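What the coordinates show
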Amino acid sequence: MKWHFEDFIYGAFDGSVTTFAVVAGAIGASLSPMIVVILGFANLFADGFSMAVGNYQASRARIEYIQKERAREEWEIENMEESERQEIREIYAKKGFTAELLDEIVKVITARKKVWVDTMMKEELGLIEDGRKPLDTATSTMYGFVSIGIIPLIPFLFIYFTGIHLNSESFIYSVISTSIGFFLIGIIKGKIVKKSLLRSGMVTLLVGSITASVAYLVGNLLAHLIR
C-alpha cells in the first residue's frame, strides 16, 4: 500500500471536527461519559468508513473518466490524424513556438502514439494520470480519520477506564486535546511539505478552532432545542 498524505490530512481534519461535534452535542445534552464514548466511537468508525468509501468511489470515477478520454483520444489519432496533428501545432504555437522549431516539436510528439496521446490528455483536456490507487487513498483517509479523530475522546476514555470523574472539566480537556490534534495535523503537514512546523501547526490550529467552534455552537444549539 502507498500512503497518500493529502488524503490522510483530509481524513484527520474531518475526524477531529466531527468527533468534537459529537462530544460537544453530548456534553450539551448532559450525557454520561460512557454514552459520549459510545457515540464518539460510533461516529469515528461509521463516518470514517463512509469517508473512505466516498474517497474510493471518487478515485475510481476519476480513473474511469480518464480511461474513457484516453480511449477517445486514441481513436481520434487513429481516425482523424491530420486534425489531431493540427491541434498539437496550435497548442504549441500558443506557447510561442514558431517556424522550424514548431515543426520539429510537432514531429517529435506525433512520432510516438503514447507521447501524442499523453500530450493531448494533458494539454488539451488537463488530465494527468497520477497512478494513485483508490484503495490506497481510501485507506489513507480512514487511517487519518480514526487515528487523529480519536483525540477528542481521550479525556472520556480516561474517565471510562479509570472511574475518575472530571465532571465539567472533561469538556475543557476535550477542547485541549482537540486543539493538540489540530496542531499535530499541522506539524505532520509541515514536515511532509518541508515548511515551518510551528507555523503550519498554528495555521491548522486556527482553521481547526474556527471549524470546531462552529461544530460546538451547532451541537450546543441542537442540544438546547431537543430539551
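See above for the structure.
Procedures and definitions
- Here the residue numbers are simple positions, counted from 1 along each chain's written sequence.
- Since the coordinates come from a predicted model, pLDDT governs what is reported: local features require at least 70, and pairs of side-chain atoms require 80 or more to be given and counted, while whole-chain, interface and lining totals use all residues.
- Hydrogens and waters are ignored; side-chain quantities use all the structure's heavy atoms.
- Think of it this way: a Phe, Tyr or Trp ring, Trp meaning its six-membered ring, pairs with another when their centres are within 6.5 Å, and the plane angle makes it stacked under 30 degrees, edge-to-face over 60, tilted otherwise.
- Going along the chain from the N terminus, every DSSP run of H or I of four or more residues is numbered as a helix, and every run of E of two or more is numbered as a strand.
- Relative accessible area decides the class of each residue, using a 1.4 Å probe on protein chains only: under 20% of the type maximum gives buried, over 50% gives exposed, and in between gives partly exposed.
- When a carboxyl oxygen of Asp or Glu is within 4 Å of a side-chain nitrogen of Lys or Arg, the pair counts as a salt bridge.
- To estimate the expected span of a helix, subtract one from its residue number and multiply by 1.5 Å.
- To be clear, the arc concerns the directions from the helix axis to the C-beta atoms.
- Contacts: residue pairs with any heavy atoms within 4.5 Å of one another.
- Axis definition: a line fit to C-alpha positions, over the contact stretch in the case of helices; interaxial angles, taken between N-to-C directions, run 0 to 180 degrees.
- Roughly parallel means an angle under 35 degrees; roughly antiparallel, over 145; roughly perpendicular, 65 to 115; everything else is oblique.
- Here a crossing is called left-handed whenever its near helix is offset anticlockwise from the far helix by less than a right angle, and right-handed whenever the offset is clockwise.
- Classification used: nonpolar for Ala, Val, Leu, Ile, Met, Phe, Trp, Tyr, Cys and Pro, charged for Asp, Glu, Lys and Arg, polar for all others including Gly.
- Put simply, a nonpolar core is a bunch of buried Ala, Val, Leu, Ile, Met, Phe, Trp, Tyr and Cys residues held in one set by side-chain atoms that sit within 4.5 Å of each other.

1. Section: the packing of aromatic side chains
One pass over the full model with this rule turns up four aromatic pairs. For the pair F13 and F182, a centre-to-centre distance of 5.4 Å together with 45° between the ring planes defines the contact as tilted. You can see F13 sitting in helix α1 (residues 5-28) and its partner F182 sitting in helix α8 (residues 169-193), a full 169 residues away along the chain. Pair check on accessibility: F13 and F182 agree, each one buried.

2. As for the pattern of salt bridges
For the structure on display, the rule yields 14 salt bridges. For R85, the salt bridge identified is with E82, shortest N-O distance 3.7 Å. Here E82 and R85 lie together in helix α3 (residues 81-94), a separation of three residues that amounts to about one turn. R85 gets classed as partly exposed once you look at its relative accessible area, which sits at 22%.

3. Focus: α3
For α3, which comprises 14 residues, the first-to-last C-alpha distance of 20 Å matches the rise-based estimate of 20 Å (1.5 Å per residue) to within 8%. The complete set of buried residues in α3 reads E84, I88, I91 and Y92. Each buried residue of α3 sits inside an arc of 90° when the element is viewed along its axis, so together they form one side. Exposed residues pointing more than 90 degrees away from the buried face of α3 are listed as E82 and K94. Here the buried face of α3 lies against α2 (33-79), α4 (99-111) and α5 (113-124).

4. Some remarks on the side chain of T19
The residue T19 is located in helix α1 in this model. The contacts of T19, once residues within four sequence positions are left out, are N43, L44, G149, P152 and L153.

5. Examining the packing of α3 against α4
Their axes nearest at 10 Å, the elements α3 and α4 cross at an angle of 130°. With respect to α4, the element α3 is oriented oblique. Handedness of the α3/α4 crossing: right-handed. Contacts between α3 and α4 involve R85, I88, R89, Y92 and A93 from the first element and L102, D103, I105, V106, I109 and T110 from the second. When its residues are assigned to classes, the contact of α3 with α4 shows seven nonpolar, one polar and three charged.

6. A few points about the nonpolar core
Membership of the largest hydrophobic core comes to 21 residues, with the highest contact counts inside it found for V23, V36, I148, F182 and I185. Once residues lying within four places of it in the same chain are set aside, the contact partners of I185 are I9, A12, F13, S16, I148 and T204. The next biggest cluster of nonpolar side chains, apart from the first, holds 14 residues, and it includes I91, V117, M120 and L127.

7. Here we look at the environment of E87
Topologically, E87 is positioned in helix α3. With a relative accessible area of 23%, E87 lands in the partly exposed category. Along the sequence, E87 and V106 sit 19 residues apart, while their C-alpha atoms lie 9.6 Å from each other. When near neighbours in sequence (up to four residues on either side) are disregarded, E87 contacts M120 and E124.

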